Amino acid sequence: MVDNTIAAGWDAIDAAAARLYPGVAPRHYGTLLKWSLGGPDPLDGISVYPRDDHWHFVSYGMSELYDKESEIAEESGWGFEFTFRVARGPDEAEPPMWAASFLQNLGRYVFSSANPFAPGHHIDLNGPISQENPETAIRAAAFAEDPELGTIDTPHGRLCFLQVVGLTLGEYEAIGRWDALGLLGVLRTRLPLLVTDLARDSVIDDPDLAAAIEDGARRDGSSTGGLYVQDARWKTDGRPEKMVLTFGANAAERIARALAGRLPYGRGLSIDAPGGGVRLRPGDHVTVTESGDGYVEVEIPPEVLSELTAVLHPTAGVHVLRTAPGVVVEIVRSQIRDQEGNVVEVIG
C-alpha cells in the first residue's frame, strides 16, 4: 500500500502551480544529494514554467515537503518557497540555470544562518545577480508575495510563495529611505508581475517614478528597523562618557540613509553584526546604555543625528563628533565578497 501523505507538502506546491498552469508540464531540476543527507543544495528541486516573456521558477525545499517536523503547526518549514520570474527572450528555449543556482544560494543562506526571508525583506548581493552577466545593473533583491501564486495552506501549515525581485542599487538605496513593499509597488506600475530583467534600467531614471518614491519617503519615513552588516562594533573601555562606534565602510551610507528615515520620525534603528551591534534611537540628550547582549543603545538628539549622518561615508577614518564630544565614529575598510565567497572589492 502506498503512503500518499509522504510528500504531502510537495503535492500542495504542485497543486498550486497546476491551478496557475493547467496542463503545463514544467522543466524540473532535482538535487542529486539532499541537504539532509549532507549534500550542498538545500532545495530538493526547482520547477520552471515557460511564459511568453519570462520564466517562472518555483522551489521545493524551504517548506516541509514530506513529514511535519517543526514545532510551529501554523507554518510549513520556513513558511515559504521561493519563486523567481526571469525575463525570457523571444528565441530562448531553455531557462537560465544561473537563476536556479541563485535560488540555491539563497536557500543555503537561510539554512546556514537560520534567518528566513519574508515579504518586505531586501538584500545587497555585493555584485551582479548573475555572474554570467557581469554588466547587469541588477545587484540587489527584495522579496514579495508572488502576485499569482500567493499564500496557500498545506497539510504541514501555511506556505507563502515568496518571489525574489531583482533591483538596481539605486532602487535598493531608495528602500533604505522608504520601504521595500512601497518601492515594489512603484516598480509594479512598470512590471506588473515583478519580472527580473537583467537588461532593464532603474526606475529611478524615470522622473515620474522617482518622484513617487521620494514622495513616499518624505511621507512615511523608513520602515527599515534593522540592518545586518559585516561590521558594527562599539567600546567604552568602562567609560560610558567615551563611546567609540565602529562601522564598515561598505555599510556607512546605507546606515546614514536609514537613520535619516527613522530617527526624525520617532523610530529607532538596530544595526546588527555577528556577535552584537548598535541600537540608535531618538532622544533629547546623548545617553549610552550597555544592554548586556552584545549591543549598546545610544540615544541621539537631532543636532547629533545631522552630524552623525554627515560622517557616515565610505572612507576609512576616525571622527570625533563636535555636537557630542564623547562620541567617536570610526569607519573601517570593508571586503566585498561575491556569492562564491571571493573578495572582489575593498571599500574604504
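Residues numbered from 1 in each chain as written. Predicted model: local features only at pLDDT ≥ 70, side-chain atom pairs only at ≥ 80, totals over all residues. Heavy atoms only, no water.

Looking at an unreviewed UniProt entry, one finds the protein named Suppressor of fused-like domain-containing protein, with Planotetraspora kaengkrachanensis as its source organism.

Counted under the stated rule, the structure contains 10 aromatic pairs. Consider the rings of Trp78 and Phe111, whose centres lie 5.9 Å apart with planes at 65 degrees: the pair is edge-to-face. You can see Trp78 sitting in strand 4 (residues 75-87) and its partner Phe111 sitting in helix 2 (residues 97-113), a full 33 residues away along the chain. You can call Trp78 partly exposed: its relative accessible area is 26%. Put simply, the rings of Phe80, Phe82, Tyr109, Phe117 and Phe143 touch in pairs and so form one group of aromatic residues. Cation over ring: Arg88 sits above Trp55, and NZ or CZ is 4.3 Å from the ring centre. Over the aromatic face of Tyr295 sits the side chain of Arg279, whose NZ or CZ is 3.8 Å from the ring centroid. (Phe/Tyr/Trp six-rings, centres within 6.5 Å; stacked < 30°, edge-to-face > 60°. Helix = DSSP H or I, 4+ residues; strand = E, 2+ residues; numbered from the N terminus. Buried < 20%, exposed > 50% of the residue type's maximum accessible area, 1.4 Å probe, protein only. Lys NZ or Arg CZ within 6 Å of the ring centre and 35° of its normal.)

With that settled, the discussion passes to the pattern of salt bridges. All chains considered together, the criterion is met by 17 salt bridges. Between Arg108 and Asp41 there is a salt bridge whose closest N-O contact spans 2.7 Å. With Arg108 in helix 2 and Asp41 in the loop between strand 1 (27-30) and strand 2 (45-50), this pair connects stretches of sequence that are 67 residues apart. The partly exposed category is assigned to Asp41, whose relative accessible area is 23%. (Salt bridge = Lys/Arg side-chain N within 4 Å of Asp/Glu carboxyl O.)

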